[in-house]
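Now for the letters of each chain:
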Amino acid sequence: MDRIDAMTAFVAALDEGSLAGAARRLGRSPAAITRAVALLEERLGTRLLHRTTRALHLTKAGERYLAACRAILAELAEADQLAAGERTDPRGLLSLTAPVTFGRLHVAPLVEDLLEANPKLEARLLLVDRVVNLIDEGHDAAVRIGHLPDSSLVAARVGEVRRVVCASPAYLAAHGVPQVPADLAGHRIVSFSQITDNSIWSFAPGPGGGSRKQVTVRPHYVVNGAEAAIDAAVRGRGITRVLSYQVEEAVAAGRLALLLEDYEGPPLPVAIVYPEARLPAAKLRAFVTFTVPRLRSRLAALPVSAAAKNLSGRE
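Residues numbered from 1 in each chain as written. Predicted model: local features only at pLDDT ≥ 70, side-chain atom pairs only at ≥ 80, totals over all residues. Heavy atoms only, no water.

(A) Geometry of the overall build of the protein. The number of helices and strands found in the protein is 11 helices and 14 strands. Out of the 315 residues belonging to the protein, those deemed buried represent 42%. When contacts within the protein are restricted to residue pairs at least 6 apart in sequence, those whose partners lie at least 24 apart make up 74%. Element-wise, carbon and sulfur atoms account for 50% of the exposed surface of the protein, whose accessible area totals about 16100 Å². (Helix = DSSP H or I, 4+ residues; strand = E, 2+ residues; numbered from the N terminus. Buried < 20%, exposed > 50% of the residue type's maximum accessible area, 1.4 Å probe, protein only. Contact = heavy atoms within 4.5 Å. Areas by Shrake-Rupley, 256 points an atom, 1.4 Å probe, with all protein chains shown as cover.)

(B) Molecular detail of the sheet that holds strand β5 (residues 141–145). Ordered in space as β4-β3-β5-β14-β6, the five strands form an open sheet in which the pairing is mixed. Two strands bound the open sheet, and with one partner strand each, they are β4 (121–127) and β6 (153–161). Each strand of the sheet is rotated relative to its neighbour by a mean of 20°, with strand direction disregarded. Sitting on the sheet, helix α10 (residues 282–300) touches β3 (92–98), β4, β5, β6 and β14 (268–275), and the angle it makes with β6 is about 20°. (Pairing = 2+ DSSP bridges. Axes fitted to C-alpha atoms, helices over the stretch in contact; angles between N-to-C directions.)

(C) Highlighting the nonpolar core. Formed by 29 residues in total, the largest nonpolar core has its most connected members in Phe-102, Val-161, Ile-272 and Phe-287. For this core, the secondary-structure elements that each account for two or more residues are β3, α5 (100–117), β5, β6, β14 and α10. Excluding its chain neighbours within four sequence positions, the residues that come into contact with Ile-272 are Ala-142, Val-143, Val-154, Ala-155, Ala-156, Val-158, Phe-287, Thr-291, Val-292 and Leu-295. Within the second largest apolar cluster, 21 residues are counted, among which are Ile-33, Val-37, Leu-40 and Leu-73. (Core = buried A, V, L, I, M, F, W, Y, C linked by side-chain atoms within 4.5 Å.)

(D) Local environment of the sheet that holds strand β8 (residues 189–192). Taking strand neighbours across the sheet as the criterion, the five strands line up as β11-β8-β12-β7-β13 in an open arrangement whose pairing is mixed. Both edges of this open sheet fall to β11 (219–223) and β13 (257–259), since each of them pairs with a single strand only. When strand polarity is set aside, the average angle formed by the axes of neighbouring strands in this sheet is 35°. Relative to β13, strand β7 (residues 163–167) runs antiparallel, the two sharing three bridges. The partner of Cys-166 across the bridge, within β13, is Leu-258.

(E) Quick look at the environment of Leu-284. Mapped onto the elements of the fold, Leu-284 is located in helix α10. With 144 residues separating them in the primary sequence, Leu-284 and Asp-140 have C-alpha atoms 6.8 Å apart. Other than its neighbours up to four places away in sequence, Leu-284 contacts Leu-94, Asp-140, Ala-141 and Tyr-274.

(F) Region of the structure containing unusual backbone geometry. Of note, the phi angle at Leu-260 is positive, near 55°, even though the residue is not glycine. Mapped onto the elements, Leu-260 comes out in the loop between β13 and β14. Taking the relative accessible area as the measure of exposure, Leu-260 reaches 9% and is therefore buried.

(G) Layout of the pairing of β5. Across the five residues of β5, four count as buried, placing the element largely inside the fold. As defined by bridge partners, β3 adjoins β5 across two bridges and the pair is classed as parallel. Each bridged residue has a counterpart across the sheet, and for Leu-96 the counterpart in β5 is Ala-141. Across four bridges, β5 lies against β14 in antiparallel orientation. Bridging from a neighbouring strand, Ile-145 pairs with Val-270 of β14.

(H) Molecular detail of the packing of aromatic side chains. If you walk through the whole model with that rule in mind, you get two aromatic pairs. A ring pair is formed by Phe-10 and Tyr-65, whose centres lie 5.9 Å apart and whose planes are at 45°; its orientation type is tilted. A residue pair is termed long-range when its members are at least 10 positions apart, and Phe-10 in helix α1 (residues 3–16) and Tyr-65 in helix α4 (residues 60–83) qualify at 55 residues. Neither Phe-10 nor Tyr-65 differs from the other in exposure class; each is buried. With 5.0 Å between their ring centres and 85° between their planes, Phe-102 and Tyr-245 make a pair best called edge-to-face. Taken together, the residues Phe-102 in helix α5 and Tyr-245 in the loop between β12 (239–243) and α9 (248–252) connect sequence positions 143 residues apart. Phe-102 sits in the buried class, given a relative accessible area of 0%. Directly above the aromatic system of Phe-203 lies the positively charged group of Arg-241, at a separation of 4.4 Å from the ring centroid. (Phe/Tyr/Trp six-rings, centres within 6.5 Å; stacked < 30°, edge-to-face > 60°. Lys NZ or Arg CZ within 6 Å of the ring centre and 35° of its normal.)

Here it is, written out as structure tokens:
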């Protein structure tokens, strides 16, 4: 088995979670996959995997080598397509990731349309509310919300979303409408822990100017999923703070009302990110070319508060 075959076996073993899974995927025996990994370890003079009866665990050297293998195999596949005159023909498996709610509402429909337009293309979409390491976990691209740290990833900005405060009309009728951020201290709070600090919420200066405002709130209920926080707010359990696209439908239907819009901070950017490569795969180019303008159009149609418009681009 040559080195490229061995790299392919190594990557497949990590993707499938076992040597047996890699064997099934590649149509080889488990013994052949074991030999391939052993060949790489012998050549490199270091252990790449800790193997147990239930799982595979990468060593530190294995983590670095896996990332290098993925990049090498991706460029090799693209070079083969280029030589065969297929560079403009998207094909193969496109692996993507996006936040759960945003992905369901805005990314999944576009991926389905992309597949319809490119019958040789396949896609896998992972919806998860965490930052996924694209190279280590084998994804081609991600949709991310928030300010991006400096990295080797290429980013195409597609728009922005707001961080909003909201509650149900029934709750507001019973407990009053907060007029300034400080009023939140006297309200029941449903906190979405992955978006905001559980106890301190920050706001823009508002109409009166001055400095940014920080309010200490006492969460009555803390959840780690936006949908659970929104459902609790709709049922009148309290005031919550999430992202604008997550409550767009509930606000439009009158189940939730937006609060303190004059005190909203600057919007959060939304971008498509993907690893930099000398020869971007045709499937990745097709995804970016197809998705970027359509996501920009979708996000441009979302409501923007007056405060967010004034603050956009300042921070």
